[in-house]
Structures are given as C-alpha cells and as structure tokens.
Amino acid sequence: MTRTRPATVWLWLCLVTDTVWTVSGGDVTTAASTNMTEVQQVFTQHEVIPDVLDVAPKEFAKITYPSGVSVEGGNELRPTQVKDQPRVEWTTKPDAYYTLFMVDPDAPNRKEPKFREIGHWLVGNIPGTKVEDGDHMYGFAGSGPPNGSGLHRYVFLVYEQPAGRIDYSQAPRVSNRSRNHRLNYNHRAFVKQYGLGELVAGNFYQAQYDDYVPTLHAQLSSGTE
C-alpha cells in the first residue's frame, strides 16, 4: 500500500523551500514560485507598499543630486545632501509624457503619520525625462524631518500619461517657499483624478534631522503661494 503524506507536511515544505505545492487526492504537483523583482522586494521591505503604493513600479528611477549622492532604494541620506533639486531619469517611450511625484508618508513621524503624505515635488507633462520642461505644480522642497522624529521615507514616483498632455490648469500651484497644499497630500487621488497610467518608475531614500532642516522650514514659511 502506498502512503501519502498529509497536506500539512507539504504546506510546511512549501514554506521552507519557497515552492508552490498543490495537493489533490494524494497526488502532489509542484511549480516554482515567481520570485519578486528587486524593486518589489525593496518597496515591500520598507513598507512603501502599502503605505504609499498598492503595487511596485516597473523599475528604479535613477536619481542623482548636485551634492554627488544618489538614491539607492532606501539608503539613508542627510537633508544637507538632498537640499537641491535632483536629476531624475527613467526608461521612456517615444513622444510620451510623464508626471513625477515626490512625497513623504512619515509626517510628523512614521509611528503616527497624521499628515501623510507631504507633497515635496510635483511636475506634470514631462516630455521624456526633461523634467525642466514639464509643468511644475509643486516647487521642489528638500527633506525637513522634525528633530527627534526618526527616519522619514522620501518617495519618488513616475507615472505615464496615457493620453498625452494633460490640462493641469486647475491643479494648485505651490512655490518652494510655501507649505500650502503640501500637508495631507494624496497622490493616489491625483492619479485617479487625472487618469494617469502605469507607474513606470520609482525610488526612495530615508533621512532624519540635521542642521539644514531649520533653513528649509524657514524657506517654506517665507511665502504665501
């Protein structure tokens, strides 16, 4: 008589070997599970999924700052290093337009993010990766985590505009000297409102307070727009 192993044993093997097992009438078949991509792993590990996103972007955006530092999937950078507008690059389609977000989901801190999200940067109608030629709705603001609030995640997201250029004339305009419209920003609602398409690229770093932060806060309090 042939003995079959109980399903609980095969379930245990599934957990140990990261393999999908199917049990049916004593017959066991296997199929290798699909490994998460590196992008998915990093965004999930740092809980950007689900705090900011439902699904991971297709690729890492390449983000470099004038200070010489780069964004590397959750690496820690100092506010002093990321105070100036970075260069953002991703894989583009011919004649396509894109919208770029930068948000902080950890305000005032990650444990109690009652101001989630903070809108740090928003540019639409970007032809290819020419961010400078896009429609700048939220002026770039660097990282300003409050003293003692721990690490904040700063998340860059690039969405394709499937219908080409978008009329963003009714969207708020916020200068880099103002906090207006930045607190409790909801990038998901914006994506839905304007019918943005695929999340083609993204990346993020983490930062905590340093001596530059008071300078940024003073800058954001200096204007009204």
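What counts, and at which threshold
- In every chain, residue numbers begin from 1 and rise along the written sequence.
- In keeping with the predicted nature of the model, local features appear solely for residues at pLDDT of at least 70, side-chain atom pairs appear and are counted solely at 80 or more, and the whole-chain, interface and lining totals rest on all residues.
- Just so you know, side-chain values use all the structure's heavy atoms and leave hydrogens and water out.
- Exposed residues in this analysis have more than 50% of their type's maximum accessible area, buried residues have under 20%, and partly exposed residues fall in between, with area computed by a 1.4 Å probe over protein chains only.
- Strands are runs of DSSP state E lasting at least two residues, helices are runs of H or I lasting at least four, and both sets are numbered from the N terminus onward.
- When DSSP finds two or more bridges between two strands, those strands count as paired.
- We call a set of buried residues a nonpolar core when its members are Ala, Val, Leu, Ile, Met, Phe, Trp, Tyr or Cys and they connect through side-chain atoms within 4.5 Å of each other.

Honestly, the pairing of strand β9 (residues 152–161) in this entry has me stumped. Any pointers?
Consecutive residues of a regular strand have side chains that alternate between opposite faces of the sheet. Of all 10 residues in β9, 10 are buried, a share of seventy percent or more. Of the two faces of β9, both are covered, the one formed by His152, Tyr154, Phe156, Val158 and Glu160 as well as the one formed by Arg153, Val155, Leu157, Tyr159 and Gln161. Looking at chain direction, strand β6 (residues 97–104) and β9 are connected through 7 bridges and run antiparallel. Paired with methionine 102 across the strands is phenylalanine 156, a residue of β9. Strand direction decides the pairing type here: β9 and strand β10 (residues 199–207), joined by 8 bridges, are antiparallel.

Got a minute to help me understand the nonpolar core in this structure?
Looking at soluble globular proteins, one finds that nonpolar side chains tend to be buried together. Core analysis: the largest hydrophobic core is formed by 27 residues, its most contacted members being Leu53, Phe101, Leu157, Tyr159, Phe190 and Leu196. Of all elements in the fold, only α2 (38–45), α3 (48–51), β6, β8 (135–138), β9, α4 (187–193) and β10 reach the threshold of two or more residues within this core. In terms of nonpolar packing, the next biggest core, distinct from the first, is built from 25 residues, Trp121, Val131, Tyr154 and Ala201 among them.

Would you mind going over the sheet that holds β6 with me for this structure?
Two pairing modes exist for strands in a sheet, parallel and antiparallel, and in both the strands are linked by backbone hydrogen bonds. An order of β3-β10-β9-β6-β7-β8 is seen for the 6 strands of this open sheet, with the pairing classed as mixed. Every interior strand has two partners, whereas the edge strands, β3 (59–60) and β8, have only one. Relative to β10, β3 is paired through 2 bridges, and the arrangement is parallel. Paired with glutamate 59 across the bridge in β10 is alanine 201.

Note that every value here comes from positions in space, so none of it alone points to a role or purpose.
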